Amino acid sequence: MTQCGRCGGGAFYTRRYSGETLCTSCFKASIVEKTRRTISKYDMLGHGQRVGIALSGGKDSLSLLQVLHELNENKRCELVALTVDEGVEGYRDEAIEHASALARKLGVEHVLVSYKELYGFTLDQALDWKDQRTHSSCSICGVFRRRGIDEAATRARVSVVATAHNLDDYVQTFLMNLMHGDVDRLGWFDPSVVDADFPFRRVKPFMEIYEEEIALYAHLEGLPFQSASCPYMHEGLRSEVRDYLNELETKHAGIKNVLLNSALQVSTKLAIVGTHANSVPCSICGKPSSQGVCGVCRMKDLVQQHTKYSP
Ligand SMILES: [Zn+2]
Ligand SMILES: [Zn+2]
């Protein structure tokens, strides 16, 4: 039987890119340790801060709450879970239950906001267009979800928001920005950049961990995450990029790590143009915007024009 390279116990997992063999408890400890190193490398969390954790109830966000709670054993920070209920009948309720249950179990404060309360419509209603929709479900939802997290963070009075984006998400988004020609956005990936326009900083403590390892961690921790995917999930470019990267990784173990490093270096070089230095307040809601009216207000207007859910 193969031995764990750390404790000599029975190994169950081999990290292909490094060749390291690990038993279940050393594997779990390695995820916690890697997260701790990422946080410290980019100085993501400070002593005494109130830290919001975007908690959708999926495997990545439940794992993030679990890991940050473990790292916060000495109560250096105050953790607050932030959940946005998009309003997708028969799908979101289960994930929100998982989110609430874990927050309760760990004794973490939980702030919940909903699309219905913030915008006057649920996601189901926002996607109920009478004519052909010009935007994908995910692009409509994404605009509203980002603002939803901002609102929850404001209510929770946090100074930093941690999201569960993993290494795969990071690399996929970077490549997709290249494919869409959004070169300006490449500078937004630098994890040390603090956007002065926002009242809180956004950090990604899992950005150096492979998605499959987060999934394995969630499984080993017995986190009861929802396996069904969103009914509106858009099988577009992102899933093709995801499959392609996984295929490359199978043939060339470690290539995702190399891509992450390249993406970070490019971002650092472009970071100056990446800050929202030229933003102005939105003429409708007052939030920072690169144009006169922000993306959320423009999308809200579009939804109201095309659905019956006008105020
Ligand atoms: Zn071990
Ligand atoms: Zn606005």
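Placed above this text is the structure.
Residues numbered from 1 in each chain as written. Chains lettered and ligands numbered in written order. Predicted model: local features only at pLDDT ≥ 70, side-chain atom pairs only at ≥ 80, totals over all residues.

## Some remarks on helix H2 (residues 59–71)
Along an α-helix, residues three or four positions apart point the same way, because every turn accommodates 3.6 residues.
Next, step 1: Taking 1.5 Å of rise per residue, 13 residues should cover 18 Å, and H2 covers 18 Å from first to last C-alpha, within 8% of that figure.
Next, step 2: Of all 13 residues that make up H2, ten are buried, and the element is covered over most of its length.
Next, step 3: Taken residue by residue, H2 has Lys-59, Asp-60, Ser-61, Leu-62, Ser-63, Leu-64, Leu-65, Gln-66, Val-67 and Leu-68 as its buried positions. (Helix = DSSP H or I, 4+ residues; strand = E, 2+ residues; numbered from the N terminus. Expected span 1.5 Å × (residues − 1). Buried ≥ 20, exposed ≤ 12 C-beta atoms within 10 Å, placed from the backbone.)

## What about the packing of helix H6 (residues 137–156) against helix H11 (residues 295–306)?
Next, step 1: Remark: H6 packs on H11, axes separated minimally by 10 Å, with the N-to-C direction vectors making an angle of 130 degrees. Judged by the inter-axis angle, H6 sits oblique to H11. The handedness of the crossing between H6 and H11 is left-handed. Contact residues: H6 offers Ile-140, Val-143, Phe-144 and Arg-147, while H11 offers Gly-295, Val-296 and Met-299. (Axes fitted to C-alpha atoms, helices over the stretch in contact; angles between N-to-C directions. Parallel < 35°, antiparallel > 145°, perpendicular 65-115°, else oblique. Left-handed = near helix turned anticlockwise from the far one by under 90°. Contact = placed C-beta atoms within 7 Å.)

## A short note on the environment of Ala-263
Next, step 1: Mapped onto the secondary structure, Ala-263 falls in helix H10 (residues 255–274).
Next, step 2: By C-beta crowding, Ala-263 is classed as buried, having 22 other C-beta atoms within 10 Å.
Next, step 3: Along the backbone, Ala-263 and Arg-147 are 116 residues apart, and their C-alpha atoms lie at a distance of 26 Å.
Next, step 4: If we ignore the near neighbours within four places in the chain, the residues touching Ala-263 are Tyr-170, Val-171, Phe-174 and Phe-189.

## What about the nonpolar core?
Next, step 1: With 57 residues, the main nonpolar core has Ile-53, Leu-65 and Leu-82 as its most contacted residues.
Next, step 2: For Leu-82, the residues in contact, after removing those within four places along its chain, are Gly-52, Ile-53, Ala-54, Leu-55, Val-111, Ile-149, Ala-152, Ala-153 and Ala-156.
Next, step 3: Residues Leu-127, Phe-144, Cys-294 and Met-299 belong to the second largest nonpolar core, which totals 13 residues. (Core = buried A, V, L, I, M, F, W, Y, C linked by C-beta atoms within 7 Å.)

## Describing the pairing of strand E4 (residues 78–85)
Next, step 1: Counting buried positions along E4 yields seven of eight residues, so the element is predominantly enclosed.
Next, step 2: As judged from the five bridges shared by strand E3 (residues 50–54) and E4, these two strands associate in the parallel manner. What sits directly across from Gly-52, in E4, is Val-80.
Next, step 3: Read from E3 through H2 to E4, the crossover connection turns out right-handed. (Pairing = 2+ DSSP bridges. Right-handed = clockwise from strand over helix to strand, strands pointing away.)

## Considering the packing of H2 against helix H8 (residues 211–220)
Next, step 1: It is at 9 Å that the axes of H2 and H8 come closest, and there the two elements cross at 65 degrees. Overall, the two elements H2 and H8 adopt an arrangement that is roughly perpendicular. Relative to H8, the crossing made by H2 is left-handed. The segment H2 lies against H8, with Lys-59, Asp-60, Leu-62 and Ser-63 engaging Ile-214, Ala-215, Tyr-217 and Ala-218.
Next, step 2: The residue makeup of the contact of H2 with H8, split by class, is five nonpolar, one polar and two charged. (Nonpolar A, V, L, I, M, F, W, Y, C, P; charged D, E, K, R; others polar.)

## Examining H11
Next, step 1: Its twelve residues give H11 an end-to-end C-alpha distance of 17 Å, which sits within 8% of 16 Å, the value for a rise of 1.5 Å per residue.
Next, step 2: Val-296, Met-299, Lys-300 and Val-303 are the residues of H11 that are buried. Viewed along the axis of H11, the buried residues span an arc of 105 degrees, placing them on a single side of the element.
Next, step 3: Buried residues along H11 sit in contact with helix H4 (115–119), helix H5 (123–126) and H6. (Arc of directions from axis to C-beta.)

## Some points on unusual backbone geometry
Trans peptide bonds make up the majority, and among non-glycine residues the majority have a negative phi.
Next, step 1: Even without glycine at this site, Asp-43 takes up a positive phi of about 50 degrees.
Next, step 2: Position of Asp-43 relative to the elements: it lies in the loop between helix H1 (24–41) and E3.
Next, step 3: For Arg-157, which is not a glycine, the phi torsion comes out positive at approximately 55 degrees.
Next, step 4: Relative to the helices and strands, Arg-157 is located in the loop between H6 and strand E6 (160–162).

## Quick notes on the sheet that holds E3
Next, step 1: Taken together, five strands build an open sheet; the order of strands is E5-E4-E3-E6-E7 and the sheet is parallel. Since the sheet does not close on itself, it has two edges, and those belong to strand E5 (109–114) and strand E7 (201–203), each with one partner. Averaged over all pairs of adjacent strands, the angle between their axes in this sheet comes to 25 degrees, without regard to strand direction.
Next, step 2: Direction of pairing for E4 relative to E5: parallel, over a ladder of six bridges. Across the sheet, the residue bridging to Thr-83 is Leu-112, located in E5.
Next, step 3: Along the sheet, H2 makes contact with E3, E4 and E6, crossing E3 at roughly 155 degrees.

## Re the environment of Leu-302
Next, step 1: Here Leu-302 shows up in helix H11.
Next, step 2: A residue is classified by how many C-beta atoms lie within 10 Å of it, and Leu-302, with 17 of them, is partly exposed.
Next, step 3: For Leu-302 and Glu-211, which are 91 residues apart along the polypeptide, the C-alpha to C-alpha distance reads 34 Å.

Structural measurements only, silent on function.
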